[in-house]
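What follows is the residue order along each chain.
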Amino acid sequence: MTDTTADTARPPRFPELVPLTRPTVEADAGLASAIEGILRSGMLTNGRHVREFEEAASDYLGVDHAVAVSNCTTGLMLVLRCLGLTGDVVVPSFTFMASGHAIDWAGNGVRFAESHARTWTLDPDAVAPLIARAAGVMAVHTFGAPCDADRLQELCDTRGIPLVLDAAHGFGSRYPDGVMVGGKGVAEVFSLSPTKTLSTGEGGLITTNDAALAAKLRTAREYGNPGDYDSRFVGLNGRMTEVSGALGGHALKGFARWIHLRRSLAERYRTRLGGLPGLEFQEVPAGAVSSYKDLGVRVDGARFGMTRDELAERLARENVSTRKYFSPALHQQRAYRDVPVDADLSVTEHLAASMITLPLYSHMPARLVDEICDLIGELHAARRSIQRGSGGRAS
Ligand SMILES: *Cc1c(COP(=O)(O)O)cnc(C)c1O
């Protein structure tokens with residue numbers, strides 16, 4: 001795009017690209033020797049380190065069972081498969097594509113539902129009219145804010161159908177009643193990929209208080225083979241590698257401190273940007289704690305003086321990475337064009353059109369947050385000259 005503003009020649013505010021996120025890995029001698037031990041042992045997958053990680057994670061999360069898998073998408077697929085659901089699963093359209101993909105891969109239909117305008121999570125009021133014809137509900141802890149799992153559970157109980165929680169963003173989050181995310185629904189599934197709050201490189205973790213389901217999931221991640229090579233059902237290879245298990249166990253030791261820092265950085269953003277008109281933050285339910293997997297900001301173009309896309313472009317020019325999460329929303333993506341939509345998704349479409357996520361990672365310097373906030377404040381203050389400078393550009 002040709003820039004017509006006067007400041008094109010000026011170097012960007014940040015000489016190096018500010019990443020949207022980075023995994024926090026404490027690459028110390030302990031981790032190095034654990035990985036070396038794995039390489040020497042010849043046990044490269046689903047061994048001692050994976051088991052120890054599962055135990056440490058279930059302790060941390062306060063759940064009975066944790067089953068480590070190769071990634072969250074596979075974990076969600078295996079949960080749906082093990083539940084033996086037939087029919088449609090209700091899912092918010094305002095989510096990452098993998099939520100819907102897992103439902104489709106498990107052989108279920110995707111049924112889109114609306115998200116709440118302030119919490120940005122699946123709206124129980126929108127689920128209620130869909131529940132009679134649903135086989136299950138999959139809710140998402142969007143950006144780390146716990147969804148209203150209790151009300152969704154009540155709705156599911158009226159029909160005896162399961163609530164599955166896509167907890168990809170929720171490692172380190174807490175429900176309003178003090179239960180850690182991981183402890184509700186029939187199962188919760190975390191993602192441990194590098195953009196999430198706890199990372200094992202690639203990985204996922206299924207948590208459940210249902211012993212029979214946990215046992216079935218352990219078989220499911222081994223192709224459905226309980227060990228005698230007579231597969232009982234069609235599973236998958238969903239195993240976690242030992243190196244990932246070691247990374248997870250190591251990351252878990254420092255996790256409480258890092259998630260605390262991450263939360264304080266998110267709050268710093270919220271405080272510093274809170275005074276600007278037209279920027280809205282996610283409402284975290286009273287008493288709940290968000291992991292702040294992402295720091296999402298909704299940009300009201302008319303009030304902020306600049307659209308979401310203009311702000312993203314301005315920040316990119318200054319070397320600040322942002323992402324338009326989740327745009328397009330799931331029902332707007334080409335892969336889903338044949339899926340019928342019979343719900344009002346206007347909030348979802350509104351969110352998708354106005355949402356931006358700002359750089360955030362647990363070891364991010366507070367100074368960097370301040371500098372980004374200052375920059376956004378300056379862009380807002382200079383919006384009239386920006387609008388003149390980019391005159392005529394459609395947006
Ligand atoms: C990242 C993500 C997933 C998929 O996780 P993987 O571990 O990459 O499979 C699923 N759902 C949501 C909401 C996500 O953000």
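If you're wondering where the values come from, they're calculated on a predicted model, not measured in any experiment.

Re the UniProt feature "modified residue: N6-(pyridoxal phosphate)lysine" (unreviewed entry) in the chain
Logical step 1: Per the UniProt record, "modified residue: N6-(pyridoxal phosphate)lysine" (unreviewed entry) is annotated on Lys196.
Logical step 2: Residue contacts for Lys196: discarding those within four places in its chain leaves Ala168, His169, Ser191 and Lys293.

Structural notes on the packing of helix 3 (residues 72-83) against helix 4 (residues 97-105)
Logical step 1: At a closest axis distance of 8 Å, the pairing of helix 3 and helix 4 adopts a crossing angle of 40°. The pairing of helix 3 with helix 4 is recorded here as oblique in orientation. As for the relative orientation of helix 3 and helix 4, their crossing is right-handed in sense. In this structure, helix 3 contributes Thr73, Leu76, Met77 and Leu80 to the contact, and helix 4 contributes Ala98, Ala102, Ile103 and Trp105.
Logical step 2: Split by residue class, the contact of helix 3 with helix 4 holds seven nonpolar, one polar and no charged.

Regarding the sheet that holds strand 8 (residues 279-281)
Backbone hydrogen bonds hold the strands of a sheet together, and the pairing may be parallel or antiparallel.
Logical step 1: The strand order 8-9-10 describes an open sheet built from three strands, whose pairing is antiparallel. Each edge of the open sheet is held by one strand with a lone partner, namely strand 8 and strand 10 (355-358). Strand after strand, the sheet turns through a mean of 40° between neighbouring axes, direction not considered.
Logical step 2: Inspection of the sheet shows strand 9 (residues 295-299) paired to strand 10 by four bridges, in the antiparallel sense. Its bridge partner lying in strand 10, Arg298 is registered against Met355.

Quick word on the UniProt feature "active site" (unreviewed entry) in the chain
Logical step 1: The feature "active site" (unreviewed entry), as annotated in UniProt, sits at Lys196 in this numbering.
Logical step 2: Along the chain, the position of Lys196 falls in the loop between strand 6 (187-191) and strand 7 (204-208).

Brief notes about helix 6 (residues 149-159)
Logical step 1: Listing the buried residues of helix 6 in full gives Ala149, Leu152, Leu155 and Cys156. One side of helix 6 holds all its buried residues, which, seen down the axis, span an arc of 125°. Seen from the buried face of helix 6, the exposed residues on the opposite side, beyond 90 degrees, are Glu154, Asp157 and Thr158.
Logical step 2: Of the surrounding elements, those touching the buried residues of helix 6 are helix 5 (124-127), strand 4 (136-140) and strand 5 (163-166).
Logical step 3: Just downstream of helix 6, Gly160 is the residue with a positive phi angle, here 65°.

As for the sheet that holds strand 1 (residues 65-69)
Logical step 1: Across the sheet, which stays open at both edges, the seven strands sit in the order 1-7-6-5-4-2-3 with mixed pairing between neighbours. Of all strands in the sheet, those bounded by a partner on one side alone are strand 1 and strand 3 (109-113). Going across the sheet, the axis of each strand differs from the next one's by a mean of 20°, ignoring polarity.
Logical step 2: Bridge analysis of strand 1 against strand 7 gives five bridges, and the strand direction is antiparallel. The residue bridging His65 from the neighbouring strand is Thr208, located in strand 7.
Logical step 3: Each of strand 1, strand 6 and strand 7 is contacted by helix 2 (residues 48-61), which is oriented at about 135° to strand 1, the strand it contacts most.

What to know about the packing of aromatic side chains
Logical step 1: One pass over the structure, following the stated rule, counts eleven aromatic pairs.
Logical step 2: Judged by centre distance (5.0 Å) and plane angle (75°), the rings of Phe94 and Phe326 are edge-to-face. Of this pair, Phe94 sits in the loop between strand 2 (88-92) and helix 4 while Phe326 is found in the loop between helix 10 (308-317) and helix 11 (346-354), placing the two residues 232 residues apart along the sequence.
Logical step 3: Classification of Phe326 by relative accessible area gives buried; the value is 4%.

Brief notes about the site of the ligand
Logical step 1: Close contacts around the ligand come from 14 residues, with Thr73, Asp166, His169, Ser191 and Lys196 the closest.
Logical step 2: Residue His169 places a side-chain N or O atom 2.6 Å away from an oxygen atom belonging to the ligand.
Logical step 3: Within the side chain of Lys196, a nitrogen or oxygen atom sits 3.0 Å from an oxygen atom of the ligand.
Logical step 4: Within the complex, 92% of the 380 Å² of free accessible area of the ligand lies under protein.
Logical step 5: Broken down by secondary-structure element, the contributors of at least two residues to the shell around the ligand are helix 3 and helix 4.
Logical step 6: Here the shell around the ligand is built from residues that sort into five nonpolar, seven polar and two charged.

Focus: the nonpolar core
Logical step 1: Core analysis: the largest hydrophobic core is formed by 38 residues, its most contacted members being Val127, Val137, Phe171 and Leu205.
Logical step 2: When contributions to this core are tallied by element, the ones reaching two or more residues are helix 2, strand 1, strand 4, helix 6, strand 5 and helix 8 (242-273).
Logical step 3: With near-sequence residues (within four places) excluded, Leu205 lies in contact with Phe53, Ala57, Leu61, Ala66, Val67, Ala68, Val69, Phe171, Glu188, Val189, Phe190 and Leu192.
Logical step 4: One finds Cys72, Val89, Phe112 and Leu330 within the second-largest nonpolar core, a separate group that totals 32 residues.

Conventions used here
Residues numbered from 1 in each chain as written. Predicted model: local features only at pLDDT ≥ 70, side-chain atom pairs only at ≥ 80, totals over all residues. Heavy atoms only, no water. UniProt positions renumbered as here; feature names shortened; annotations may be inferred. Contact = heavy atoms within 4.5 Å. Axes fitted to C-alpha atoms, helices over the stretch in contact; angles between N-to-C directions. Helix = DSSP H or I, 4+ residues; strand = E, 2+ residues; numbered from the N terminus. Parallel < 35°, antiparallel > 145°, perpendicular 65-115°, else oblique. Left-handed = near helix turned anticlockwise from the far one by under 90°. Nonpolar A, V, L, I, M, F, W, Y, C, P; charged D, E, K, R; others polar. Pairing = 2+ DSSP bridges. Buried < 20%, exposed > 50% of the residue type's maximum accessible area, 1.4 Å probe, protein only. Arc of directions from axis to C-beta. Phe/Tyr/Trp six-rings, centres within 6.5 Å; stacked < 30°, edge-to-face > 60°. Near = heavy atom within 4 Å. Polar contact = N/O pair within 3.5 Å; in protein donor to acceptor, adjacent residues only side chain to side chain. Areas by Shrake-Rupley, 256 points an atom, 1.4 Å probe, with all protein chains shown as cover. Core = buried A, V, L, I, M, F, W, Y, C linked by side-chain atoms within 4.5 Å.

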